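The chain contents come next:
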Amino acid sequence: MPAATQWRTFELRLGAHPDRATLDLRPLAKSTGGTVRGGAGDDSLSLHGGASAIGVRVLGEAGNDHIALSWTEAPRLRRSVVDAPLFGPPFRRSTPAFLVGSGGPGDDVLEVTAPTTHNRPLLVREIRNTRPTGNYRDGSVRQFLLSGGDGDDLLIGNAGPDELDGGNGNDRIVARGGGPDVLKGGRGDDRIELDGSAPIDGVRIDCGPGDDTLVLNGHRAPPGDHACETVLP
């Protein structure tokens, strides 16, 4: 793909059967939104984002899906106003993010597979969201947003500012630290683990309804009510 290629937006729809797809956006000069839909079936979807990947969603939809996201460097934000549809359903109540993934119904695995070069949310003055979710002003944008959806899911973050939401089901959420993560268990008997190999700075945890377990791995428990019934050191 030529380095000068520019896409305003794109949508890739896969069929109603097990699919395997890899999408590499690193050569793009500009990309301001796109969606990959796995459809029904047990899909394996990988997306590699670079400095131009803004507002890209990977949706596993129905099936036991595996979604892997990587991002080699932060977006080049040359303006304080970003015009990009950062996310849509099911992310309406979440923090804006540049790369988002949703497993949908099924027992899914969602993970960030490469380290990040920035460990703080990116600050922008305004994000013009073309979807009905409205505009975001004077806010921060997370790098990855993962939503497990219905089912017993596994969500694995990276050493950056992630938001991991297990959704309904007995989920396992692993935070690798390094940034102010937001971890949500959702409804079900969930297990949230703080990776012992990286510092946990400003993490926010909400285990949600259910018989949940928080594994600290030597870290201090975050302040506030995390709603976890069991806390392991």
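All of these numbers come straight from a predicted model, not from anything done at the bench. (Residues numbered from 1 in each chain as written. Predicted model: local features only at pLDDT ≥ 70, side-chain atom pairs only at ≥ 80, totals over all residues. Heavy atoms only, no water.)

Peer 1: It is not clear to me how the environment of Asn 170 should be interpreted in this structure. Could you clarify?
Peer 2: Structurally, Asn 170 can be placed in the loop between strand E15 (162-165) and strand E16 (172-175). Here the alpha-carbon distance between Asn 170 and Asp 150, two residues 20 residues apart in the chain, equals 9.2 Å. With near-sequence residues (within four places) excluded, Asn 170 lies in contact with Gly 151, Asp 152, Asp 153, Gly 188, Asp 189 and Asp 190. Of note is the side chain of Asn 170, whose polar atom sits 2.8 Å from the backbone nitrogen of Asp 189. (Helix = DSSP H or I, 4+ residues; strand = E, 2+ residues; numbered from the N terminus. Contact = heavy atoms within 4.5 Å. Polar contact = N/O pair within 3.5 Å; in protein donor to acceptor, adjacent residues only side chain to side chain.)

Peer 1: Is there a simple way to explain the sheet that holds strand E6 (residues 44-49) in this structure?
Peer 2: The strands that make up a sheet pair up through hydrogen bonds in the backbone, lying either parallel or antiparallel. Pairing is parallel across the open sheet formed by nine strands, whose spatial order is E3-E6-E8-E11-E14-E16-E18-E20-E21. Each of the sheet's edge strands pairs with one partner strand only, and the pair in question is strand E3 (20-24) and strand E21 (230-232). For this sheet, the mean angle separating the axes of adjacent strands, direction not counted, is 10°. When strand E20 (residues 213-215) meets E21, the two strands line up parallel, connected through three bridges. Residue pairing for E21: Leu 214 is matched across the bridge by Val 231. (Pairing = 2+ DSSP bridges. Axes fitted to C-alpha atoms, helices over the stretch in contact; angles between N-to-C directions.)

Peer 1: In this structure, what is going on with the environment of Ala 40? I would like to understand it.
Peer 2: Relative to the helices and strands, Ala 40 is located in the loop between strand E5 (34-37) and E6. Overall, the relative accessible area of 36% leaves Ala 40 in the partly exposed class. Remark: the alpha-carbon pair of Ala 40 and Asn 64, spanning 24 residues in sequence, is separated by 9.2 Å. Ignoring sequence-local partners within four residues, the contact set of Ala 40 consists of Gly 15, Ala 16, His 17 and Ala 62. (Buried < 20%, exposed > 50% of the residue type's maximum accessible area, 1.4 Å probe, protein only.)

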